[in-house]
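# Geometric and topological summary
In case you want the letters, here they are:
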Amino acid sequence: KQSAVVKADETGWRIMGRLAWLWAFVGHNACFYFIYPFRKTRAVRSFLGKTFAGTLICDFWGAYNELRAKFKQRCLYHLFTEFKKTDQKTTSAPWKAWKKRMVRLLRDSLRLARKFQILPASEYDQTRQHLLSRLDEMIQLDSTDTHIKRLSKRLKRHRNEIFTFLENPNEISPYNNDAE
């Protein structure tokens, strides 16, 4: 609870045949697991409280939406996985073009993070702002493709939680792999 950064995840867990949830919260020096009967916000709050003073790294599951945190980082791996799942549902040209641009944007953000201590701060920040502008452009596109609409809506909702890791890539990961 006192960690500056916590990665969180939940997975199904059976107790005498009944579904429950194993929640994992991973900090820099500690990992906490607990089993809770629900996959809801109250499970997250039961551990972190109503407000978390650090950065929460998590996937896009709705249970994390209502928790207030100083910062949140949504797992980019989950976005890449969502793109692959969507590829299995559609081959539409608009989807393919949108996904290609979005994957390029996310990969550009990961490349920028690797240059955090190399680039001058002003150049780094300018590039970070440009990435945010590109994200805004992507999620504002008016498309009739249902998959683009769905993912744009998600990215609009979490717009300020996609590139949080660029603030300090040495401390904040773009992934919640440790909790996974």
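Below is a short write-up of the structure. (Residues numbered from 1 in each chain as written. Predicted model: local features only at pLDDT ≥ 70, side-chain atom pairs only at ≥ 80, totals over all residues. Heavy atoms only, no water.)

## Overview of the environment of Asn-65
Within the secondary structure, Asn-65 is located in the loop between β4 (51-58) and β5 (68-74). When its relative accessible area of 32% is taken as the criterion, Asn-65 is described as partly exposed. Between the alpha carbons of Asn-65 and Gln-140 there is a distance of 21 Å; along the sequence they are 75 residues apart. In contact with Asn-65, other than residues within four places in its own chain, are Lys-72, Arg-74, Arg-157 and His-158. Reaching out from Asn-65, the side chain makes a polar contact with the side chain of Arg-74 at a distance of 3.0 Å. (Helix = DSSP H or I, 4+ residues; strand = E, 2+ residues; numbered from the N terminus. Buried < 20%, exposed > 50% of the residue type's maximum accessible area, 1.4 Å probe, protein only. Contact = heavy atoms within 4.5 Å. Polar contact = N/O pair within 3.5 Å; in protein donor to acceptor, adjacent residues only side chain to side chain.)

## Things to note about the pairing of β4
Most of β4 is tucked away: six of the eight residues are buried. Both strand β1 (residues 5-15) and β4 contribute to a ladder of three bridges, which runs parallel. Looking at the pairing, Val-5 lines up with Thr-55 of β4. (Pairing = 2+ DSSP bridges.)

## A look at the packing of aromatic side chains
Overall, the coordinates contain 15 aromatic pairs when judged by the stated rule. Summarising the aromatic geometry, the rings of Phe-34 and Tyr-36 are spaced 5.9 Å apart at their centres and angled 90° between planes, so their arrangement reads as edge-to-face. Aromatic rings pair up to connect Trp-23, Phe-25, Phe-32, Phe-34, Tyr-36, Phe-38, Phe-47 and Tyr-64 into one cluster. One Lys or Arg, Lys-1, reaches over the ring of Phe-47 and ends 5.6 Å from the middle of that ring. The aromatic ring of Trp-61 is capped on one face by Arg-39, whose charged end is 3.6 Å from the ring centroid. (Phe/Tyr/Trp six-rings, centres within 6.5 Å; stacked < 30°, edge-to-face > 60°. Lys NZ or Arg CZ within 6 Å of the ring centre and 35° of its normal.)

## A few points about the pattern of salt bridges
In total, this model carries eleven salt bridges according to the counting rule given. When the shortest N-O distance is used, the salt bridge between Arg-111 and Asp-108 registers 2.5 Å. Taken together, the positions of Arg-111 and Asp-108, both in helix α3 (residues 93-114) and three residues apart, correspond to about one turn of that helix. The class of Asp-108 is partly exposed, set by a relative accessible area of 21%. The shortest N-O distance in the salt bridge between Arg-128 and Glu-167 comes to 3.0 Å. Placement of Arg-128 in helix α4 (residues 121-140) and of Glu-167 in the segment after α5 (146-157) is noted, with a sequence separation of 39 residues between them. Residue Glu-167 is classed as partly exposed on the basis of its relative accessible area, which comes to 46%. Ionic contacts of the salt-bridge type, sharing partners, join the residues Asp-108, Arg-111 and Arg-134 into one network. (Salt bridge = Lys/Arg side-chain N within 4 Å of Asp/Glu carboxyl O.)

## Examining unusual backbone geometry
It is generally the case that most residues other than glycine have a negative phi and that most peptide bonds are trans. In the Ramachandran plot, Met-16 falls in the positive-phi region, its phi being about 50° despite a non-glycine side chain. In this structure, Met-16 sits in the loop between β1 and β2 (18-26). When its relative accessible area of 85% is taken as the criterion, Met-16 is described as exposed.

## Observations regarding the nonpolar core
Among soluble globular proteins, nonpolar side chains are generally buried collectively. One finds Phe-83, Trp-98, Met-102, Leu-106, Ile-162 and Phe-163 to be the most contacted residues of the largest nonpolar core, which totals 30 residues. The greatest single-element share of this core, amounting to nine residues, is contributed by α3. Ignoring any residue separated from it by four or fewer positions in sequence, one finds Phe-83 in contact with Trp-95, Trp-98, Lys-99, Met-102, Val-103, Leu-106 and Leu-151. The next biggest cluster of nonpolar side chains, apart from the first, holds 16 residues, and it includes Trp-21, Phe-47, Ala-63 and Leu-67. (Core = buried A, V, L, I, M, F, W, Y, C linked by side-chain atoms within 4.5 Å.)

## Things to note about the sheet that holds strand β3 (residues 31-36)
An order of β3-β2-β1-β4-β5 is seen for the five strands of this open sheet, with the pairing classed as mixed. Of all the strands in the sheet, just β3 and β5 have a single pairing partner and so form its edges. Going from strand to strand, the sheet's axes swing by 30° on average, the running direction of each strand aside. Sheet topology places β2 next to β3; six bridges connect them, and they run antiparallel. Across the sheet, Val-26 pairs through a bridge with Cys-31, a residue of β3. (Axes fitted to C-alpha atoms, helices over the stretch in contact; angles between N-to-C directions.)

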